[in-house]
Amino acid sequence: MNDTARKAIAIAYNSNSGNTRTVAEALERALAADGAQVTSIQVTPESVKRASVLTEAADTVLVGFWCDKGSCTDEVAEVLAGLSGKCVFLFGTAGFGGEAAYFDRILSSVRAKLPADAVYLGGAMCQGRMGGGVLARYEAMLAEKPGDARIMSMIDNFHAAESHPDDADLAAIVAAARAAL
Ligand SMILES: Cc1cc2nc3c(=O)[nH]c(=O)nc-3n(C[C@H](O)[C@H](O)[C@H](O)COP(=O)(O)O)c2cc1C
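All of these numbers come straight from a predicted model, not from anything done at the bench. Numbers given to residues run from 1 along each chain, matching the order in which its sequence is written. The predicted nature of this model means local features are confined to residues of pLDDT at least 70 and side-chain atom pairs, given and counted, to a pLDDT of 80 or more, with totals for whole chains, interfaces and linings taken over all residues. Note: side-chain values were computed over all heavy atoms of the structure, leaving out hydrogens and water.

A. The overall build of the protein chain, seen in detail. Numbering of helices and strands starts at the N terminus; helices are DSSP runs of H or I of at least 4 residues and strands are runs of E of at least 2. In terms of regular secondary structure, the protein chain is built from 7 helices and 5 strands. Mapped in sequence order, the helices and strands of the protein chain form the string β-α-β-α-β-α-β-α-β-α-α-α. Here the C-alpha radius of gyration of the protein chain, 17 Å, is about what a compact globule of 181 residues would show, namely 16 Å. Principal-axis analysis of the C-alpha atoms gives the protein chain an extent of 60 × 30 × 25 Å. Should any heavy atoms of two residues lie within 4.5 Å, those residues are counted as being in contact. Considering only residue pairs separated by 6 or more positions, the protein chain has 78% of its internal contacts joining residues 24 or more positions apart. Each accessible area value is a Shrake-Rupley result obtained with a 1.4 Å probe; residue values ignore everything except the protein chains displayed when judging cover. On the protein chain, roughly 8800 Å² of surface is accessible, and the fraction owed to carbon and sulfur atoms is 52%. One way to put it: in the protein chain the 16 positive side-chain charges average out to a point 3 Å from where the 22 negative ones average out. Two things to know: the radius of gyration comes from C-alpha atoms, and the globule rule equals 2.2 Å times the number of residues to the power 0.38. Neither His nor the chain termini are counted; the positive set is Lys and Arg, and the negative set is Asp and Glu. Here the site of a charge means atom NZ of a Lys, CZ of an Arg, CG of an Asp or CD of a Glu.

Shown next, in the form of structure tokens:
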């Protein structure tokens with residue numbers, strides 16, 4: 001029996017369009033296969049209190065978030081604020097990717113919402129596809145400024161994100177969580 005097998009783990013995640021949910025489900029499957037007792041809850045404005053009850057009963061809490069303007073949503077921040085004394089691993093998805101430093105900045109911003117006495121075990125992120133409205137907005141911007149390199153790179157990134165999270169993303173986040181736990 002390894003360390004993970006003895007743990008009661010809660011996964012509390014917030015997902016708007018399903019990317020972070022896909023990661024949360026991969027983590028739940030993997031850690032349950034390791035023998036951990038895993039409970040999982042989708043954090044919404046209505047379920048924040050229930051999520052806190054669930055996390056209170058766990059040794060270790062995995063908190064999943066989608067990147068909202070460089071950080072996490074208010075409901076995830078509320079869950080994080082209640083994790084006093086808990087061991088916490090963060091996982092997240094963001095529309096932009098390809099640069100570890102970008103994910104590190106987001107993780108730092110989300111980590112800062114934990115109470116001082118929470119034990120931060122680490123975090124991992126991957127890219128997640130964005131909605132079609134984003135592409136339409138970029139295309140409208142490009143029509144205003146034809147050939148603009150910054151807008152064209154945002155369109156390239158939109159298309160690069162379309163296949164994420166993919167199997168390699170899920171495997172990398174599961175491996176990071178296993179190593180951290
Ligand atoms: C309102 C809003 C704000 C966003 N802000 C960012 C951001 O600041 N940086 C980023 O990389 N992606 C940003 N995204 C993209 C999402 O973080 C990304 O698509 C994520 O994978 C969505 O996860 P979900 O499917 O679990 O909701 C934003 C998306 C929305 C809808």
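There is more to say after this.
B. The arrangement of the pattern of salt bridges in detail. Here a salt bridge means any side-chain nitrogen of Lys or Arg lying within 4 Å of a carboxyl oxygen belonging to Asp or Glu. Applying the stated criterion across every chain, the model contains 3 salt bridges. Its salt-bridge partner being E25, residue R21 comes within 3.7 Å of it at the nearest N-O pair. Of this pair, R21 and E25 both sit in helix 1 (residues 19-33), 4 residues apart, which is roughly one turn of the helix.

C. Structural context of the layout of surface pockets. In this analysis a 1.4 Å probe is tested at points of a 1 Å grid over the protein atoms alone, and where it fits but cannot get out there is a cavity; an open set with protein on both sides within 12 Å along at least five of seven lines is a pocket; lining residues have an atom within 4 Å of a point. Grid points are joined across faces, edges and corners, and a volume is the space filled by probe spheres set on the points. In this structure, the largest pocket occupies an estimated 490 Å³ of space. Surrounding the largest pocket, 23 residues form its lining, W66, C67, A94, G95 and M130 being those nearest its centre. If you list the elements that add at least two residues to the lining of the largest pocket, you get helix 1, strand 4 (87-94) and helix 5 (132-144). It is helix 5 that contributes the most residues to the lining of the largest pocket, 3 residues altogether. Ten residues, namely Ala, Val, Leu, Ile, Met, Phe, Trp, Tyr, Cys and Pro, are considered nonpolar, four, namely Asp, Glu, Lys and Arg, are considered charged, and the remaining ones, Gly among them, are considered polar. Here the residues of the lining of the largest pocket are counted per class, giving 8 nonpolar, 11 polar and 4 charged. For each domain, the first and last residues come from an automatic or database assignment. When residues are assigned to domains, the lining of the largest pocket turns out to be shared by domain 1 (4-129 + 164-180) and domain 2 (131-163), each giving three or more.

D. Local environment of the pairing of strand 5 (residues 119-127). Of the pairings in the sheet, the one linking strand 4 to strand 5 comprises 8 bridges and is parallel in character. In the strand pairing of strand 5, A94 is matched with Q127. Seen with its strands pointing away from the viewer, a crossover is right-handed when the path leading from the first strand over the helix to the second is clockwise. The β-α-β motif built from strand 4, the intervening helix 4 (residues 100-111) and the parallel element strand 5 has right-handed crossover chirality. What makes two strands pair is DSSP finding at least two bridges between them.

E. Fine view of the sheet that holds strand 3 (residues 60-66). The 5 strands are arranged 2-1-3-4-5 in an open sheet whose pairing can be described as parallel. What marks the edges here is a single partner per strand, and that holds for strand 2 (37-42) and strand 5. Within this sheet the neighbouring strands show an average axis-to-axis angle of 15°, counted without direction. Sitting on the sheet, helix 2 (residues 48-56) is in contact with strand 1 (8-13), strand 2 and strand 3, with an inclination near 165° to strand 2. Lines fitted to C-alpha atoms define the axes, with helix axes restricted to the stretch in contact, and inter-axis angles between N-to-C directions lie between 0 and 180 degrees.

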